[in-house]
Structure formats: C-alpha cells, structure tokens
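So the chains spell out like this:
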Amino acid sequence: MKILVAVKQVVDHAVRVRVRADRSGVETDNVRLSMNPFDKHAVEAAVQLAEAGHADEVVAISVGSQAARDVILTALAMGAHRGLLVEAEGRVETLTVAKLLRAVVDEEKPDLVLLGKQAIDDDSNQVGQMLGGLLDWPQATFASAIAVTATGLEVTREMDYGRATFALGLPAIVTADLRLNTPRNAGLPMVMKARQKPLAVRPAANFGVDLAPRLTVEQVVPPADRAGGRSLASISELAAAISSEVAEMELR
Amino acid sequence: MAALVLAEHDLGQLSPATPRTVNAVAELGPVDVLVAGDDVAGIAAAAAEIAGVARILAADAHLYRDHDAKALAALLQRLAPGYTHIVASASATGRDVIPRLAAVLDLMPVTDVVAVLGPARFERPIYAGNALETVSNTQERQLLTIRASAFRPALKGNEAPIEAVEADVNAAAAARLVSAERTEGDRPDLSSAQIVVGGGVALGSAENFQLIEKLAAVLGAAVGATRAAVDAGYAPNDWQVGQTGKIIAPDLYIGIGISGALQHLAGIQGAKKIVAINSDPEAPLVKIADYVLVGDLFVLVPELIAELQRLGVSR
Ligand SMILES: Cc1cc2nc3c(=O)[nH]c(=O)nc-3n(C[C@H](O)[C@H](O)[C@H](O)COP(=O)(O)OP(=O)(O)OC[C@H]3O[C@@H](n4cnc5c(N)ncnc54)[C@H](O)[C@@H]3O)c2cc1C
Ligand SMILES: Nc1ncnc2c1ncn2[C@@H]1O[C@H](COP(=O)(O)O)[C@@H](O)[C@H]1O
C-alpha cells in the first residue's frame, strides 16, 4: 500500500509559550520549532508498516511556510521516501488543511493517510476527522495500535472507558496517539540521506482551495494565575485542610 | 436559534457530561438532545429529565451502537437544517464526530469550548491551556464541542417529549468493533468528579499505585494519573489527565508523586484547590498547589489515609 503522512511544524512541546502583550497571539518568533509530537508517532507507524512489507511508499506532507521543510526532512530522515511542502503563509485553518490534504489524496491516491491526533499549538484535534468526512473514508482516531489484516486494518483506539479495537477497510484515515509506538531518533547518516530524497514544494494557491480563514481570532490571553499556597508541616495539618475543603463542598 | 446536543452515553447510562453540555448552550435558545444508540429508551428517559431540554430525539438502531463517526455524522447532517448549533461534549465520541460533520457541511467547528460568549463567539484553550483564545465567525451554523468540566450541569426536573428519528436505511458503520477493553472499578467518573486523587510515575509499580486508589476510596474520589504513570503500566489509559488525556475540574485535586509538567497541568487548570505531595519542593505542581506537603509519599500517604479515617472524613 501507499501511505500519506501529515506532519505539522509547531512550537516545541518543551517551550513554555508566552502570550504577546498586544493579545494578538502567542509569541512564535525566536522559539524552538519542531515536528508536532503526535506526528512523529504517525511517521513512525508509517515507516514500520513499510519495514514490515505492508507499504511500498511513504509520502510526508506538510502545509506551512518554507520553515516547515524542517519537519519534512525529519520525516524523511525517519524513513519516509519523499516529501511535499504545500507552501502557505500565515494562519491556515484546519478545514483548509483538510481540503489541501484531500487535493493531494486525489492526486497521490494513497491507501492510508496517517495523521497525529492533535497539533499541540491549537490543540484542535480536527484535521484527520475532517479529511475522513471530505473523502467519505472510514476513520480510526486516537490510535494506540495498528495491525494489517486480510481485509484492511485493525486499529486499537484510546476511548474514555479504556480501549477498543475496530476493523476498517482501506482506504482509511488513522490518527496517532502517543502510545502507538516509540518514534526513532534518526542518526546523522539518515539525516544526510534525507537531504538526497525528493522534496517537492508547491504553493497552496495551486490546489483550487479557498485559503481564507472562517474564524476571527479576537484575542489571545494568558490563563488566570494560580496563587500557589501554603507549605504544611504535618499530616494532621493536611488532613485538617482536606477535611475542611470537603466540608465546604457543595453537594452535586 | 436552536441547538441540537448529541447525548453522551455508555453501557446504557447517560454521561454526566450531557447535562453540562446542555447548560453550556441553554442560553442560546431551545435545546433538543439527540440520543443515538442501540436500545436507548432508558437513556432517552434520563435525558428527558434535564431541565431546559425541549425535545429528545431518539435514534434507536444497531448502526449507532458503537458511536461510529461516519454513521453519527450522517445522522446529524440530516438533522442539521433544523438547528443553528450542533453540539457535543469534547469526549472521545464528540471529538470523533463533530469535525467530520463540520467538513461534510463545509463549516469550521470550534472545539473544546470553555466559555460561550455569544451565539457565534467562544473561548477555547490553546497551547495546553497556556493561552485562551476568543474566536468569532459569521457562519450560518455553529459546530461545537464543549469541555463539559468547564460548565455546571443543568438541573433535573423536566419531562421533555421523546420522539423517534429514523436511522439512515442506506448507511453502514465505517468501522466494526472487534473488542473492547474496559477499565473495571466503581470509582466515580473522572471527568466530573468533585475530588480526584492523581498519582505519578513516582509510585513505581501498578501494585504501589493501589495506594492512590485506597486514598481515593476513603475520599469517594476518582483516580487520575500522569502520562508517565500510564506509559509505565501503573494505571490504565483512561485515567490519564492532561493535554492529551482527560480534562478535569474537581473542587479538590490531590497530586501525589507528580512533577506537574505543563501537559499535566493542562488537565487540572479548572481544579478549585490543589494539594501536592512531593519529595521535591521545587516541583512545578508544588509551586502552584494550595496545600503542599514535602516528603516521601510512601511514608506520608499511608499516614494521611489513617488520619482521614480517624477524622471520619468521607464524601
Ligand atoms: C505531546 C505531549 C503530551 C503529553 N500529554 C500528557 C498528559 O496528557 N498528561 C500527563 O500527565 N503528561 C503528559 N505528557 C507528559 C509530561 O510531559 C510529563 O512527562 C509527565 O506528566 C510526567 O509525569 P510524572 O509527573 O508522573 O513524572 P515525573 O515528571 O518524573 O515526576 C515524578 C515526580 O515524583 C516526585 N517523587 C519521586 N519520588 C517521590 C517520593 N518517594 N515521594 C514523593 N514524591 C516523589 C518527583 O520529585 C517528581 O516531581 C505529555 C507530553 C507530551 C510531549
Ligand atoms: N499544517 C499542517 N500540515 C500538515 N499536517 C497538519 C497540519 N495541521 C494539522 N495537520 C495534521 O493533522 C493532525 C491534527 O491536527 P489538528 O486537527 O490541527 O489538531 C496533526 O497531528 C497533523 O498530522
């Protein structure tokens, strides 16, 4: 099969972000950017399927500015075969990303599209499901295991009550959760090799998709501060504090 | 204006998230609740008691048994013309269905809403809750998922009429449930619990994690865990609290052997009071907690359990 894997460049998960003073958004200048953590798991899953002989080609795609080449290179270093940057400046909404991915799917005709379950900047958790809707393909979100079967895939999903395994036919959409696998760290030779792999760049405007955002971001503010509190000296003080908190609780 | 709320349910029980989701949009206009599933009469009756609900729509069909995103999106798409707002809780099901439906209807959804500021103006957290964005739009219809823990539940005391809606005859579920692995136990629902006791990787084993469960049992609390504790196999995945786990807003959160990484804090920002028990006085959770006890959890927690039992504290 052929696999398309979607990777987004985001502010690194270890960065403690700051809201801009003018409330227009979060400061993204001069902060470390990297591949969205969930997307690393998606790439790893795709590469493992290729290594197991289930897939013959893995194509990594990102929608973003020229800087997003970096995350495509990371995917190539991890083992993806070629890359595509759909170049777009500024804020690109999830629905737009999904439409651009659909246009690429129409051209590339993959059997499986792997994505992360959510991008840790906007925490949207939308694009995979949207692509499923646009293509009318089955979707398995929040995947913690993927197995190839005679008729398609069996995907284990993280549910609110535990986990559940679903069978779905191909082509399909799967979004990766963090327990899906352990993403590899590509060594220097793989990074060097990645630079030789094909990486196409095409402007988003060429895909016939309306790029205008639908939502207006009116403001971005920091959350309310937590005061922090008291250090207690003993168990009896803590038990008394808990006891009075419990006594004050409204019955719900 | 009229809203359609997709009821959240499991094993024949209406989820506590649904009355909260109803309340979140109640001010916008009449609220209908769609109960879709297999054998939903009991759930529909429970939903009919939610104050402020105008009508219950019951879609009783095998097709909806496993909350299949494609089947539910098709059903909601058929009902959409009657509503300005289509709303679900930000649960595994709501997150699965609403964006799919949105794309089919060519709409941008707003997910994880924590405040409804107007008919088309919402607040939602971004960057693991380190920022809150206010978004507005001029779309003809709003598709929302609601972070239930950010809203109070609607009261009970209603007898909304229940109407049957037909299942789509031509539809088929896109995915077939093969097996489910449920976390057994009689602890309260984590997402809506008033008290939560959370344990971190410092517990060291699944066996030791029972210390957390024991303290939770004394307090009538739900049990939470960090991703590190879940990854290590000390706690089941549905106990994970944080950016990628459950978002909770208890009156009291007791975090034990938890450092307080920003991804974990993302899940507990709504907690009214936080207790931290940690050997490291510099741990981030310690810095933001209302009550702190510094020391070895293996010494302190058994003592705390004994002291709470002595005081007769229970919920
Ligand atoms: C994309 C992404 C998403 C994530 N999502 C989540 C999420 O949803 N939820 C989540 O929790 N994490 C999440 N994480 C992981 C998060 O970054 C942290 O790694 C994790 O929360 C740490 O768990 P911990 O506090 O149990 O472990 P640690 O950070 O190792 O902390 C253990 C704590 O226990 C204390 N301790 C040790 N021994 C004792 C003792 N004997 N007595 C008392 N205290 C002791 C230590 O001082 C320390 O503070 C995510 C990470 C990423 C990259
Ligand atoms: N700009 C983008 N380029 C490529 N993939 C993306 C982009 N935005 C989102 N995705 C994919 O969609 C997943 C879910 O993102 P989101 O719905 O934005 O939370 C991500 O983990 C990526 O796999």
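Here is what the cut-offs are and how they apply
The numbers attached to residues start from 1 for each chain and follow its sequence in the written order. Starting at A for chains and at 1 for ligands, labels are handed out in the order in which the entities are written. Since the coordinates come from a predicted model, pLDDT governs what is reported: local features require at least 70, and pairs of side-chain atoms require 80 or more to be given and counted, while whole-chain, interface and lining totals use all residues. Just so you know, side-chain values use all the structure's heavy atoms and leave hydrogens and water out. Here a helix means four or more residues in a row that DSSP labels H or I, a strand means two or more in a row labelled E, and each is numbered from the N terminus. We call two residues in contact whenever any of their non-hydrogen atoms come within 4.5 Å of each other. For Phe, Tyr and Trp, rings pair up if their centres lie within 6.5 Å, where Trp contributes its six-membered ring, and each pair is then called stacked (planes under 30 degrees apart), edge-to-face (over 60) or tilted (otherwise). Counting as a charge over the ring demands two things of the Lys NZ or Arg CZ atom: a distance within 6 Å of the ring centre and an angle within 35 degrees of the ring normal. Should DSSP find at least two bridges between two strands, the strands are taken to pair. Angles here are taken between N-to-C directions and fall from 0 to 180 degrees, while the axes themselves are lines fitted to C-alpha atoms, restricted in helices to the stretch in contact. Accessible area, probed at 1.4 Å, shrinks when two parts are joined; the buried area is that loss added up over both. Salt bridges are identified by distance alone: a Lys or Arg side-chain nitrogen within 4 Å of an Asp or Glu carboxyl oxygen.

**Some thoughts on the side chain of Thr93(B)**
Working step 1: In this structure, Thr93(B) sits in helix H4 (residues 92–104).
Working step 2: Sequence-distant contacts of Thr93(B), that is, excluding residues within four places in its chain, are made with Leu6(B), Glu8(B), His67(B) and Leu72(B).

**Some remarks on the packing of aromatic side chains**
The relative placement of two aromatic rings is captured by the distance of their centres and the angle of their planes.
Working step 1: Scanning the model with the defined rule gives 1 aromatic pair over all chains in all.
Working step 2: Between the NZ or CZ atom of Arg182(B) and the centre of the ring of Tyr161(A), over which it lies, the distance is 3.9 Å.

**Concerning the sheet that holds strand E1 (residues 2–6) of chain A**
Working step 1: A sheet is described by the order of its strands in space; here 10 strands give the open sequence E11(A)-E5(A)-E4(A)-E1(A)-E6(A)-E10(A)-E7(A)-E8(A)-E9(A)-E13(B), paired in mixed fashion. The outermost strands of the open sheet, each flanked by one partner alone, are strand E11 (199–203) of chain A together with strand E13 (175–182) of chain B. With direction set aside, neighbouring strand axes in the sheet form an average angle of 30°.
Working step 2: Where strand E7 (residues 139–149) of chain A meets strand E8 (residues 152–159) of chain A, 6 bridges bridge the pair, whose relative direction is antiparallel. Of the residues in E8(A), the one forming a bridge with Ala143(A) is Arg157(A).
Working step 3: Sheet strands in contact with H4(B) are E7 and E8 of chain A, and its direction is about 95° off that of E7(A).

**Some points on the interface of chain A and chain B**
Working step 1: Counting residues at the interface gives 80 residues for chain A, matched by 92 residues for chain B.
Working step 2: Of the roughly 7400 Å² buried between chain A and chain B on both sides combined, carbon and sulfur atoms contribute 53%.
Working step 3: Connecting chain A to chain B are 9 salt bridges.
Working step 4: Only helix H3 (94–108), helix H4 (127–135), E7, E8, strand E9 (162–168), strand E12 (215–221), strand E13 (230–231) and helix H6 (235–248) of chain A provide two or more residues apiece to the side of chain A that touches chain B.
Working step 5: Top element by residues in the side of chain A that touches chain B is H6(A). It accounts for 10 residues.
Working step 6: The pairing of E12(A) with strand E10 (residues 131–137) of chain B spans 6 bridges and is antiparallel. Each bridged residue has a counterpart across the sheet, and for Leu215(A) the counterpart in E10(B) is Asn137(B).

**Things to note about the sheet that holds E10(B)**
Backbone hydrogen bonds hold the strands of a sheet together, and the pairing may be parallel or antiparallel.
Working step 1: Strand order in the open sheet made by the 4 strands is E12(A)-E10(B)-E9(B)-E8(B), with antiparallel pairing throughout. Each edge of the open sheet carries a strand with a single partner, namely E12 of chain A together with strand E8 (115–118) of chain B. Pairwise comparison of adjacent strand axes, ignoring direction, gives a mean angle of 30° for this sheet.
Working step 2: Bridging between E8(B) and strand E9 (residues 121–126) of chain B involves 3 bridges; their strand directions are antiparallel. In the strand pairing of E9(B), Gly118(B) is matched with Arg121(B).

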